[in-house]
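Chain by chain, the residues:
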Amino acid sequence: MRVFLLLIFALILYGTALAKPEIQIQDPWIREVPPVSKMSALFMKIVNKGDTEDVLLSVKTDASKFVEIHRMVMEGQMMKMRKLDFLKLPPKSTVELRPGGIHIMLIELTKPLKAGQKVKVELNFKKSGKIVIQAPVKALH
Ligand SMILES: [Cu+2]
């Protein structure tokens, strides 16, 4: 009986070890802005191929002083941006960050962003830890 219980326990532990998120970043890009603009936004698809949720906690880059996760909301007739403290990434799903939707706001740009440049960005996830990407700067159209 004791051996049987141990076996069950080991199987549960094994299962827990296997259950984890698996994050992939696809098609990241930063919107090109005129040199006078002090803000831009970063977009991408965040794919979680794993079987448990992960959470995007924070984003860092040298391209701007501050970085925030934003979503667009309708208030009356106005589209406004609201800050999110984190972004949930459900298992077996893709969260798309795109213009007009959820985006990562780069506030107080440290240098002008020109199309063709690549910007190093560090994403911090609750379970997957740090993922570093190179996001190209592109014009919106
Ligand atoms: Cu924003």
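Residues numbered from 1 in each chain as written. Predicted model: local features only at pLDDT ≥ 70, side-chain atom pairs only at ≥ 80, totals over all residues. Heavy atoms only, no water.

Student: Go over the overall build of the chain, please, and point to the residues and values.
Tutor: Of regular secondary structure, the chain possesses one helix and ten strands. Ordered by position from N to C terminus, the α and β elements of the chain give α-β-β-β-β-β-β-β-β-β-β. Compactness check: the chain gives a C-alpha radius of gyration of 19 Å against a globular reference of 14 Å for 141 residues, more than 25% above the reference. C-alpha atoms of the chain, sized along the principal axes, occupy 75 × 35 × 25 Å. Each of the 141 residues in the chain was classed as buried or not, and the buried ones make up 34%. (Helix = DSSP H or I, 4+ residues; strand = E, 2+ residues; numbered from the N terminus. Rg over C-alpha atoms; globule rule 2.2 N^0.38 Å. Buried < 20%, exposed > 50% of the residue type's maximum accessible area, 1.4 Å probe, protein only.)

Student: Residue-level account of the coordination of the copper ion, with values.
Tutor: Protein-derived coordination of the copper ion comes from His70 (ND1), Met81 (SD), His103 (NE2) and Met105 (SD), at a distance range of 2.1 to 2.2 Å. Angles of 95 to 117° at the metal separate the four donor atoms of the copper ion, which places the site in the tetrahedral class. Donor residues for the copper ion sit on one chain with the sequence pattern H-x10-M-x21-H-x1-M. In this pair, His70 sits in strand 4 (residues 64–75) while Met105 sits in strand 8 (residues 103–109), placing the two residues 35 residues apart along the sequence. Note on His70: relative accessible area 7%, which makes it buried. (Donors = N, O, S within 2.8 Å, 3.2 Å for Na, K, Ca; no water. Tetrahedral: all angles 85-135°; square planar, octahedral: opposite > 155°, others 65-115°.)

Shape descriptors only; they carry no functional weight alone.
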